[in-house]
Amino acid sequence: MNTILRSSSLLARCRVPQLTATRRTPAFQQQHILSPSIGFPNHHRFFSSNANGDGDDDEDRLLRQPFPSHLDQIKMFPVGVKRLFSDIQTYFHIQDAASTATNCWKDRPGNNYNKHHHGVPRRQQAFQRKLIKELQSVAVPVVGYVAIPVVGNAFVLLAIAFPKVFLSWHFLTPSQVRSFASDEHWFRIRYHHELADCIWSTISACAGRGHSFGGSIVDAKTMRTQLEIIEEDAVGPVIKDITPLWNLFGPGSGLDDVQALPQQHILALARSSDLLRPPFDLSSFLLNFIPKSWTARQVDRIANAIAKDDRLLMLEGHHANGCESLTAEEVIDACLLRGLPSKMTLSMQDMRRCLTNHLAMTSQIPETFDPAQQGSFLMHLPALRESLRS
């Protein structure tokens with residue numbers, strides 16, 4: 001991945017014009033609001049935070065504006081390449097800063113938990129994780145554009161024709177980002193019922209073999225009666241004490257390790273997670289031909305990212321303030337990572353509420369618990385909560 005990043009950086013130096021070389025149309029310019037960065041403080045993103053809690057209507061109105069025309073997006077493509085190149089430089093700046101013997105991050109709160117990342121703060125880690133994910137989509141058109149004079153413009157047309165497949169957030173308006181996140185969510189929930197069926201059939205089978213991890217619990221209806229439910233959000237029930245749910249993933253339950261799950265169960269888990277890239281139907285089909293061990297490792301990687309990000313968000317106190325200080329971009333990214341709803345019918349405040357409730361429940365997981373068990377629990381939690389709806 002570092003080789004790809006460095007190659008993209010060298011290519012971008014050859015053909016990226018200055019920002020002043022392209023004029024923005026007023027409508028397009030209005031949609032690019034400068035705001036605090038996921039990376040360094042002087043690197044601006046599209047969205048602003050909602051720290052005061054009074055900008056919900058304006059925020060949602062911005063995220064539902066009409067898409068720009070194809071011509072506008074073609075004009076803005078060089079600027080998007082410049083943004084991407086800037087983010088690649090920021091990626092390596094973070095790497096270089098983290099590798100120095102002394103840096104200001106190492107004394108930050110939560111450094112003991114974050115020791116394997118040299119104290120790099122959550123926001124910078126999220127930035128790096130997101131950039132690597134985005135490069136999987138945008139690498140082909142950008143490399144073609146900067147590496148092949150004249151003919152490379154065909155890659156621009158290809159990317160503009162299929163923006164969901166070939167463009168990263170650097171090239172998209174906030175309304176496009178919001179819409180594409182919604183499309184991704186609708187694809188994932190198609191597999192929530194299949195995943196829930198896998199969960200309860202595994203629990204039923206283990207109970208039948210004499211395992212007492214869940215007592216007489218063999219289905220969602222019985223499980224719901226044993227839970228103290230505070231409310232329901234767009235995901236499902238918000239549970240005050242997750243211990244009964246956590247016990248379902250105990251040793252010998254059949255759910256305690258993703259690596260040990262059957263092939264069909266792992267496929268349903270992967271398709272409902274942050275693993276696949278658009279076009280999702282094609283990615284989902286190709287997943288059938290990939291070795292189970294590779295898919296399980298990727299699911300584990302996502303589970304580890306969720307566990308780490310949850311802990312860092314809680315160390316920063318976001319679960320206590322309703323995630324109001326997170327930018328809309330960060331909220332969308334956090335919801336997609338965890339499999340929480342990001343559909344267009346929800347407001348950003350609804351999404352912040354879902355994220356806050358998720359953190360409130362996962363905060364009950366002790367750090368000393370087995371990582372494999374915790375990872376499996378986090379990956380199954382959204383589908384499990386949906387199956388527990390009244």
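In what follows, the structure referred to is the one given above.
Residues numbered from 1 in each chain as written. Predicted model: local features only at pLDDT ≥ 70, side-chain atom pairs only at ≥ 80, totals over all residues. Heavy atoms only, no water.

Draft legend 1. Local environment of the overall build of the protein chain. Within the protein chain one finds 17 helices and two strands. The buried share among the 390 residues of the protein chain stands at 53%. Taking the intrachain contacts of the protein chain between residues at least 6 apart in sequence as the baseline, contacts between residues at least 24 apart amount to 74%. (Helix = DSSP H or I, 4+ residues; strand = E, 2+ residues; numbered from the N terminus. Buried < 20%, exposed > 50% of the residue type's maximum accessible area, 1.4 Å probe, protein only. Contact = heavy atoms within 4.5 Å.)

Draft legend 2. Region of interest: the packing of aromatic side chains. Taken as a whole and assessed by the stated rule, the structure comprises ten aromatic pairs. Between Phe-249 and Phe-377, the aromatic rings sit 5.4 Å apart at their centres with planes inclined by 85°, giving edge-to-face as the arrangement. Highlighted residues: Phe-249 in the loop between helix 11 (243–247) and helix 12 (263–271) and Phe-377 in helix 17 (residues 371–387), separated in sequence by 128 residues. Here Phe-249 matches Phe-377 in class, with each residue buried. Members of the aromatic cluster, joined through ring pairs, are Trp-246, Phe-249, Phe-369 and Phe-377. In this structure, Lys-130 packs its charged tip against the face of Trp-169, placed 3.0 Å from the ring centre. (Phe/Tyr/Trp six-rings, centres within 6.5 Å; stacked < 30°, edge-to-face > 60°. Lys NZ or Arg CZ within 6 Å of the ring centre and 35° of its normal.)

Draft legend 3. The arrangement of the side chain of Arg-338 in detail. Within the secondary structure, Arg-338 is located in helix 15 (residues 328–338). The exposure class assigned to Arg-338 is buried, which follows from its relative accessible area of 3%. There is a polar contact of 2.8 Å between the side chain of Arg-338 and the side chain of Asp-309. (Polar contact = N/O pair within 3.5 Å; in protein donor to acceptor, adjacent residues only side chain to side chain.)

Draft legend 4. Molecular detail of the environment of Pro-371. Structurally, Pro-371 is set in helix 17. Judged by relative accessible area, which is 57%, Pro-371 ranks as exposed. With 114 residues separating them in the primary sequence, Pro-371 and Asp-257 have C-alpha atoms 9.0 Å apart.

Draft legend 5. Broad picture of the environment of Val-165. Relative to the helices and strands, Val-165 is located in helix 7 (residues 163–166). Setting aside residues up to four positions removed in sequence, Val-165 forms contacts with Ser-137, Pro-278 and Pro-279.

Draft legend 6. Quick peek at the packing of helix 15 against helix 16 (residues 348–362). One can describe the packing of helix 15 onto helix 16 by two numbers: an axis separation of 10 Å at closest approach and a directional angle of 50°. The angle between helix 15 and helix 16 falls in the class oblique. The two elements helix 15 and helix 16 cross, and the hand of that crossing is left-handed. Contact residues: Ala-328, Val-331, Ile-332, Ala-334, Cys-335 and Arg-338 in helix 15; Met-348, Met-351, Arg-352, Leu-355 and His-358 in helix 16. Tallied by class, the residues present in the contact of helix 15 with helix 16 amount to eight nonpolar, one polar and two charged. (Axes fitted to C-alpha atoms, helices over the stretch in contact; angles between N-to-C directions. Parallel < 35°, antiparallel > 145°, perpendicular 65-115°, else oblique. Left-handed = near helix turned anticlockwise from the far one by under 90°. Nonpolar A, V, L, I, M, F, W, Y, C, P; charged D, E, K, R; others polar.)

Draft legend 7. Here's a closer look at empty space enclosed by the protein. If you walk through the whole model with that rule in mind, you get six cavities of 30 Å³ or more. In terms of lining residues, the largest cavity is bounded by 19 residues, among which Glu-134, Lys-164, Trp-169, Phe-180 and Glu-184 are the most central. Residue assignment for the lining of the largest cavity shows that the elements contributing at least two residues are helix 5 (122–147), helix 7, helix 8 (174–189) and helix 15. Within this model, the second largest cavity holds a volume of roughly 80 Å³. Looking at the second largest cavity, it is lined by 15 residues, and the ones nearest its centre are Ser-272, Ser-273, Arg-338, Gly-339 and Met-379. Looking at the lining of the second largest cavity, the elements with two or more residues in it are helix 9 (192–208), helix 15 and helix 17. In terms of residues, the lining of the second largest cavity owes the most to one element, helix 17, which gives four residues. (1 Å grid on protein atoms, 1.4 Å probe; cavity = no way out; pocket = protein on both sides within 12 Å on 5 of 7 lines; lining within 4 Å. Points joined across faces, edges and corners; volume = space filled by probe spheres on them.)

Draft legend 8. Molecular detail of the environment of Glu-232. Note on placement: Glu-232 falls in strand 1 (residues 229–232). Exposure remark for Glu-232: the relative accessible area of 26% places this residue in the partly exposed category. In this structure, the C-alpha to C-alpha distance between Glu-232 and Cys-354, residues 122 residues apart in sequence, is 9.5 Å. When near neighbours in sequence (up to four residues on either side) are disregarded, Glu-232 contacts Arg-224, Pro-237, Val-238, Arg-353, Arg-389 and Ser-390. Polar contacts involving the side chain of Glu-232 include one to the side chain of Arg-389, which spans 3.4 Å.

Draft legend 9. Representation of the layout of surface pockets. Estimated volume of the largest pocket: approximately 560 Å³. Arg-129, Lys-130, Ile-132, Arg-301 and Ala-305 are the residues nearest the centre of the largest pocket, which is lined by 23 residues in total.

Draft legend 10. Quick look at the side chain of Arg-385. Its location among the elements puts Arg-385 in helix 17. Arg-385 sits in the buried class, given a relative accessible area of 0%. A distance of 3.3 Å separates the side chain of Arg-385 from the backbone oxygen of Gly-236, its partner in a polar contact.

Draft legend 11. Focus on unusual backbone geometry. In this structure, the amide linkage connecting Pro-278 to the following residue, Pro-279, adopts the cis form with an omega of 0°. Phi angles above zero are rare outside glycine, and Val-150 is one such case at about 65°. Structurally, the position occupied by Val-150 is in the loop between helix 5 and helix 6 (153–161). For Val-150, a relative accessible area of 64% puts it in the exposed group. Phi angles above zero are rare outside glycine, and Cys-323 is one such case at about 60°. Residue position: Cys-323 is located in the loop between helix 14 (292–315) and helix 15.

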